[in-house]
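Report on the structure
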Amino acid sequence: MSKVDRKNNYYFIQNLRFPYPKFTQDGKIVKGEAREDKFFKDTVLDGEIVLDTMDDGSQQLKFLVFDALMVDSKNLLKRDLSTRLGVPAPFTPTKQKRSS
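Residues numbered from 1 in each chain as written. Predicted model: local features only at pLDDT ≥ 70, side-chain atom pairs only at ≥ 80, totals over all residues. Heavy atoms only, no water.

**Points about the overall build of the protein**
To keep it simple, the criterion reads: Labels follow the DSSP assignment, with helices taken as runs of H or I lasting at least four residues and strands as runs of E lasting at least two, numbered in each case from the N terminus. Each residue gets one of three labels from its accessible area relative to the maximum for its type: buried under 20%, exposed over 50%, partly exposed in between, using a 1.4 Å probe on protein chains only. Contact between two residues is taken to exist if any of their heavy atoms lie within 4.5 Å; hydrogens are not considered. Areas reported here follow the Shrake-Rupley algorithm with a probe of radius 1.4 Å; residue values treat only the protein chains shown as occluding.
Per the secondary structure count, the protein includes one helix and seven strands. Along the chain direction, N to C, the helices and strands of the protein fall in the order β-β-β-β-β-β-β-α. Here the protein holds 100 residues, and the buried ones make up 19% of them. Residue pairs at least 24 apart in sequence account for 35% of intrachain contacts in the protein once pairs closer than 6 positions are excluded. A total of about 7800 Å² of accessible surface is found on the protein, and carbon and sulfur atoms cover 49% of it.

Shown next, in the form of structure tokens:
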């Protein structure tokens with residue numbers, strides 16, 4: 001994944017992938033679950049990488065998505081923002097383990 005910051009500096013982030021969501025047999029997205037065998041490609045997202053401090057004090061990088069411009073080669077620019085963010089996309093939340 002390539003990243004461009006506000007100062008127009010470019011970065012490459014290795015091994016950052018966006019898995020497809022899991023679906024039920026009737027075609028609904030299983031919230032908080034992601035497939036481990038299939039990933040989105042040719043995808044352009046607008047967002048920000050943040051360092052989140054977990055309850056146990058550990059830190060975890062997270063990618064907060066603000067907009068989906070292209071998902072799996074599908075151009076979404078002609079859609080309204082609310083419609084673009086409704087596409088089952090790589091930013092579907094996945095389970096995260098937090099220590100108490």
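**A closer look at the pattern of salt bridges**
Formally: Think of a salt bridge as a Lys or Arg side-chain nitrogen and an Asp or Glu carboxyl oxygen that are within 4 Å of each other.
In total, this model carries three salt bridges according to the counting rule given. Note that Lys22 and Glu33 form a salt bridge whose closest N and O atoms lie 3.7 Å from each other. Taken as a pair, Lys22 in strand β3 (residues 19–23) and Glu33 in strand β4 (residues 29–39) lie far apart in primary sequence, 11 residues in all. What makes Glu33 partly exposed here is its relative accessible area of 21%. A salt bridge links Arg35 to Asp37; its shortest N-O distance comes to 2.9 Å.

**Side note on the environment of Leu69**
Here Leu69 is to be found in strand β6 (residues 59–71). Considering only alpha carbons, one finds Leu69 and Leu81, 12 residues apart in sequence, at a separation of 9.2 Å. With residues up to four places along the chain from it excluded, the contact list for Leu69 reads Val44, Lys74, Asn75, Leu76 and Leu77.

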